[in-house]
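Each chain, letter by letter, is given below.
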Amino acid sequence: MNPVPLFVAIPLGAAFLIPMLGIWWKKSGEALAALSTATLAVMAILSIGSTAVAYHMGGWAPPVGIALVSDGLTVLLLIAVNVIAFLCIIFSLKYMTAYSGLPKYYSLFMLMVAGMNGVVVSGDLFNLYVFLEVASIASYALVAFGTEADELEAGFKYLVLGSVASVMILFAIGTVYAVTGTLNMADAAREISTRFSGAGAMNPALLLAAAMFLMGFSLKAALVPFHAWLPDAHPSAPAPISAMLSGVVIKSLGIYAICRVFFHVFGFDPNVMGSVILANSMIWLAVLSIVVGGLLAIGQWDYKRLLAYSSIGQVGYVMLGLGVGARVLATGGPRSLAALAILGGLFHLVNHAFFKSLLFLSSGAIQHATGTRDMKQMGGLREKMPITSAVTNLAALSISGVPPFSGFWSKLIILIAVVKAEHYVIAGIAIVMAFVTLAYYVKVQREIIFGSVRGAVERAKEVPAAMYVPLIILAIVCVGFGLLYPVFGYRILEPARDALMNSAEYVKLVLG
Amino acid sequence: MKGMSLIVKTISDFVVGFIIIFGAYIVLYGHLTPGGGFAGGVIIASAFILLMLAHGKDVAFSKLGERAAHILDSAGALAFLLIGWVGVVGGYFFMNVFGRGEQFRLLSSGMILPGNIAIAFKVASSLFLVFSALAVFRRRSFRSMIEGELR
Amino acid sequence: MTVYFLCVVLLTMGLYCLVAKKNIVKKVIGLVIMDYAVNLYLIIIGYKKGGVAPVVERGMNSAMLERFVDPLPQALVLTSIVIGLGVLALMVAMCIRIYERHGTFDMSQISKLRG
């Protein structure tokens, strides 16, 4: 049997079983969540290299029925989501014992995973919206899970802005349906490419829909100027949830959806009017995010808040790669150059998913041991918590782009592509901001890890093994991605890039 | 919540049964007429909400306990998922493997009817839980507000 | 065309309420208005002049089926209403919790996170 629907069915089943069994069995959440995310992670890793398939729900062939699609891009995202979800659950086992209502926590966590997997495998615009809402509602509740004053405020902001994004996305979906008469992404792509190609043939309603999609998904991905909720929401959540939010939620709900909708449904092609405008706005959003996220991160003294601003900047790099690739495709430039830019963007997406979740989990470990997030009250963590400090260092080096770690290669690929595409000013900005990234991670190292033991660190002890084992696994992945690119890049990244670039192949895959 | 006046209590006692029957009708005939699991479930939940408004929390919870509602909530969703799994027998998730039956008959259109019933349980119990949770919330925050004012 | 325009007007009214009002309950109301503006928009997309409800009855012929309004947007709206209900319940619960913590619904007094 085809495993694609299992990526949604398993976490959904776990999400509903946990509260039911939780009435009689207090540990049901831990057990079921760990079991199902482990299964999902193994399934995701096993699906590397599998051929692209379109699964017809209920046996109805698209465009009538709902299709679940699994291609290279899907596999890339499924690996990131499910592996990180599994490690976050393992981390939660010890970390979350301080909270009450744990079956609810694990149930919401599984709902969030189900929603993200659903977004990633969905081949239907409205289905994408539904799963996006499932994942978003679960994450709103999880941000406010502690129900302290800060958490509620952050959760409310996230809820309001997230709902505005959802309204925009639904409006855009309605417009696409009104113009094309279908909700299936492949069918809509075919309609748009046949009916609205050629000079000046872009429908103004479609352009409105594209703008609404870009706004909605940018709000979900927290690109500047739609970022206001992120620096509040991500630090306020419990550490495993911060890791999920920064690591995979903003990417699967935001970046992935932008990729799918713009590259496949609207299509970047010289024949399609308005695709240059779209690509340019993607680049502008990316540059703004890189600059604003980076500059605001420097001044932060709250460790998790610094990480949150850093997320904005790094997602900007992902978007820059994708945007430059899109612009090259839209202006009819060489496809090899577009392929390079998109590959860089996707590579940075995966890298950022792993090192940012590692950083947030380690910040949780630090908070667990010292009881504070304030960098002014820390120092000399290296002596008290050697393992956590080591992995934090690794992740910081990786994210700030120090060779030979993975972040260096992905940023290098993006920069080479930007220079080759002759966007010299943007390339200059990206290089300067890469140094700014290095600067604020040097600040993290100076204030928290090195130096003399002071403040809250004096009482700190190394966290238990259940908490540092996931950190070590993530650190190994970070190093491995940098050194072993030829091994896994060939198997994961290149299929994803090819899937993203070939809109026609996607249409053929789904519609047969 | 202590409940409302005698008139409200009597009338609501009288109509609650009819509301539930109407809700069940909407659920069971959801595949033939407008309606379905969600609409019928909302109507059934509204019967319990009426009970809670008229008689107070304790009477409503004696009819449908909080724990039972939680179990029904999850069980409904799981039952729907299970119906999806049954379709795997036919080769696809959610495939309609039961016979389609004769048009315009109650027992027709395969798994839409069991699906509707599962959703109705889920919707009725979860809406009831949402309402009761908000009612409990309100009482507690009201008390804390009064205490705050006294201080 | 005018009805689509009115939908957008309703959407912007909701957005204005969301942005301009300080009371978080009013913000929630603004969000609900936005939500319903989009629902209305979806319904109008599927509407046909002189159309009838898409319910098949005994003895209908194909000419009558032609007059059906598009049922797909109605299914979408139903789903969207359910989702909106879930979000609304969460928002109201959060408002009550915020009131418990802060003793006020005023966003400008609640707001502490910045920087």
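All figures in this text were calculated on a predicted structure; none of them were measured in a lab. (Residues numbered from 1 in each chain as written. Chains lettered and ligands numbered in written order. Predicted model: local features only at pLDDT ≥ 70, side-chain atom pairs only at ≥ 80, totals over all residues. Heavy atoms only, no water.)

(A) The overall build of chain A, seen in detail. Per the secondary structure count, chain A includes 20 helices and 2 strands. C-alpha atoms of chain A, sized along the principal axes, occupy 70 × 60 × 40 Å. Relative to its full complement of 512 residues, chain A shows a buried share of 66%. The contacts of chain A with a sequence gap of at least 6 include a subset with a gap of at least 24, amounting to 82%. By element, 68% of the accessible surface of chain A is carried by carbon and sulfur atoms, the whole surface being about 15500 Å². With 29 positive and 22 negative side-chain charges, chain A shows a separation of 4 Å between the mean positions of the two kinds. (Helix = DSSP H or I, 4+ residues; strand = E, 2+ residues; numbered from the N terminus. Buried < 20%, exposed > 50% of the residue type's maximum accessible area, 1.4 Å probe, protein only. Contact = heavy atoms within 4.5 Å. Areas by Shrake-Rupley, 256 points an atom, 1.4 Å probe, with all protein chains shown as cover. Lys, Arg positive; Asp, Glu negative; His and termini not counted. Charge placed at Lys NZ, Arg CZ, Asp CG, Glu CD.)

(B) Up close: the overall build of chain C. Secondary structure summary: chain C contains 5 helices and 0 strands in total. Beginning at the N terminus, the succession of helices and strands in chain C can be written as α-α-α-α-α. In terms of C-alpha radius of gyration, chain C reaches 20 Å, well past the compact-globule figure of 13 Å for 115 residues. Its C-alpha atoms put chain C at 65 × 30 × 20 Å along the principal axes. Going through the 115 residues of chain C one by one, you find that 36% of them count as buried. Taking the contacts inside chain C whose residues are at least 6 apart along the sequence as the reference set, 51% of them involve residues at least 24 apart. (Rg over C-alpha atoms; globule rule 2.2 N^0.38 Å.)

(C) Inspection of the interface of chain A and chain C at higher detail. The partner chain C presents 37 residues to the 36 residues of chain A that form the contact. Across the chain A to chain C interface the summed buried area is about 3200 Å²; carbon plus sulfur atoms make up 79%. For the pair chain A and chain C, the interface holds 1 salt bridge. Of the charged contacts, one joins Glu148 of chain A and Arg101 of chain C as a salt bridge, the two residues approaching to 4.0 Å between their closest N and O atoms. Counting every contact that joins chain A to chain C gives 4 residue pairs in polar contact (both at pLDDT 80 or more). Elements represented by at least two residues in the side of chain A that touches chain C include exactly helix 5 (125–143), helix 6 (149–180), helix 9 (230–236) and helix 12 (303–330) of chain A. With 19 residues, the top contributor of residues to the side of chain A that touches chain C is helix 6 of chain A. Broken down by class, the residue content of the side of chain A that touches chain C amounts to 22 nonpolar, 7 polar and 7 charged. (Buried area = accessible area lost by both parts, 1.4 Å probe. Salt bridge = Lys/Arg side-chain N within 4 Å of Asp/Glu carboxyl O. Polar contact = N/O pair within 3.5 Å; in protein donor to acceptor, adjacent residues only side chain to side chain. Nonpolar A, V, L, I, M, F, W, Y, C, P; charged D, E, K, R; others polar.)

(D) Up close: the confidence of the model for chain C. Within chain C, residue pLDDT values average 88, and 98% of them lie at 70 or more. Element-level mean pLDDT values for chain C span from 79 in helix 3 (residues 62–66) of chain C up to 93 in helix 2 (residues 24–46) of chain C. (pLDDT = per-residue confidence, 0-100.)

(E) Inspection of a nonpolar patch on the surface at higher detail. Residues and elements named next belong to chain B. The grouping of Met4, Ile7, Val8, Ile11 and Leu53 at the surface amounts to a nonpolar patch, some 450 Å² of accessible area in total. Looking at where Val8 falls in the secondary structure, it is placed in helix 1 (residues 6–28). For Val8, a relative accessible area of 32% puts it in the partly exposed group. (Patch = residues over 30% accessible without salt bridge, like charges linked within 9 Å, V, L, I, M, F, W, Y side chains within 5 Å.)

(F) Molecular detail of the packing of helix 15 (residues 386–399) of chain A against helix 18 (residues 465–483) of chain A. Residues and elements named next belong to chain A. Two elements in contact, helix 15 and helix 18, have axes whose closest approach is 10 Å; the angle formed by their N-to-C orientations is 30°. With respect to helix 18, the element helix 15 is oriented roughly parallel. As helix 15 runs across helix 18, the sense of the crossing is left-handed. Packed against helix 15, whose contacting residues are Ile387, Thr388, Val391 and Leu394, the element helix 18 presents Tyr468, Leu471, Ile472, Ala475 and Val479 at the interface. (Axes fitted to C-alpha atoms, helices over the stretch in contact; angles between N-to-C directions. Parallel < 35°, antiparallel > 145°, perpendicular 65-115°, else oblique. Left-handed = near helix turned anticlockwise from the far one by under 90°.)

(G) Layout of the packing of helix 12 of chain A against helix 17 (residues 424–449) of chain A. All names here are of chain A. Where helix 12 meets helix 17, the closest approach of the two axes is 11 Å, and the angle between their N-to-C directions is 155°. Between helix 12 and helix 17, the angle is such that the two are roughly antiparallel. Both helix 12 and helix 17 take part in a crossing whose hand is left-handed. Contacts between helix 12 and helix 17 involve Tyr303, Leu306, Leu307, Ser310, Gln314, Tyr317 and Leu320 from the former and Ile426, Ala430, Met433, Ala434, Thr437, Tyr440, Tyr441, Val444 and Ile448 from the latter. Looking at the contact of helix 12 with helix 17 residue by residue, the classes come out as 13 nonpolar, 3 polar and no charged.

(H) Here's a closer look at the environment of Asp232 of chain A. On the secondary structure map, Asp232 of chain A appears in helix 9. Along the chain, Asp232 of chain A and Glu153 of chain A lie 79 residues apart, while their C-alpha atoms are 8.3 Å from each other. Other than its neighbours up to four places away in sequence, Asp232 of chain A contacts Ala154, Lys157 and Arg305 of chain A together with Leu113 of chain C. Side chain to side chain, Asp232 of chain A and Lys157 of chain A meet in a polar contact 2.7 Å long.

(I) The arrangement of the side chain of His55 of chain B in detail. Residues and elements named next belong to chain B. Within the secondary structure layout, His55 lies in helix 2 (residues 37–55). The buried category is assigned to His55, whose relative accessible area is 17%. Separated by 2.8 Å, the side chains of His55 and Asp13 make a polar contact.

(J) Representation of the packing of aromatic side chains within the structure. Considering all chains together, one arrives at 26 aromatic pairs over all chains under this definition. Centre to centre, the rings of Phe93 of chain B and Phe94 of chain B are 5.4 Å apart; their planes meet at 85°, and the pair counts as edge-to-face. Between the aromatic rings of Tyr4 of chain C and Tyr41 of chain C, the centroid separation amounts to 5.9 Å while the plane-to-plane angle is 75°, which identifies the pairing as edge-to-face. With Tyr4 of chain C in helix 1 (residues 2–20) and Tyr41 of chain C in helix 2, this pair connects stretches of sequence that are 37 residues apart. According to the relative accessible area criterion, Tyr4 of chain C is partly exposed, its value standing at 29%. Taken together, the ring pairs connect Tyr99, Tyr105, Tyr106, Phe109 and Phe145 of chain A into an aromatic cluster. Above the face of the Tyr317 of chain A ring, Lys411 of chain A is positioned so that its terminal group lies 4.9 Å from the ring centre. If you follow Lys443 of chain A out to its NZ or CZ, it ends over the ring of Trp301 of chain A, 4.2 Å from the centre. (Phe/Tyr/Trp six-rings, centres within 6.5 Å; stacked < 30°, edge-to-face > 60°. Lys NZ or Arg CZ within 6 Å of the ring centre and 35° of its normal.)

(K) The arrangement of empty space enclosed by the protein in detail. All names here are of chain A. Under the counting rule described, the total for this entry stands at 1 cavity of 30 Å³ or more. What the largest cavity holds in volume is close to 40 Å³. Forming the boundary of the largest cavity are Tyr303, Lys304, Ser363, Ile366, Gln367, Thr372 and Arg373. Contributing elements (two or more residues each) for the lining of the largest cavity: helix 12 and helix 13 (335–370). Among the elements that line the lining of the largest cavity, the one with the most residues is helix 13, at 3 residues. A per-class count over the lining of the largest cavity returns 2 nonpolar, 3 polar and 2 charged. (1 Å grid on protein atoms, 1.4 Å probe; cavity = no way out; pocket = protein on both sides within 12 Å on 5 of 7 lines; lining within 4 Å. Points joined across faces, edges and corners; volume = space filled by probe spheres on them.)

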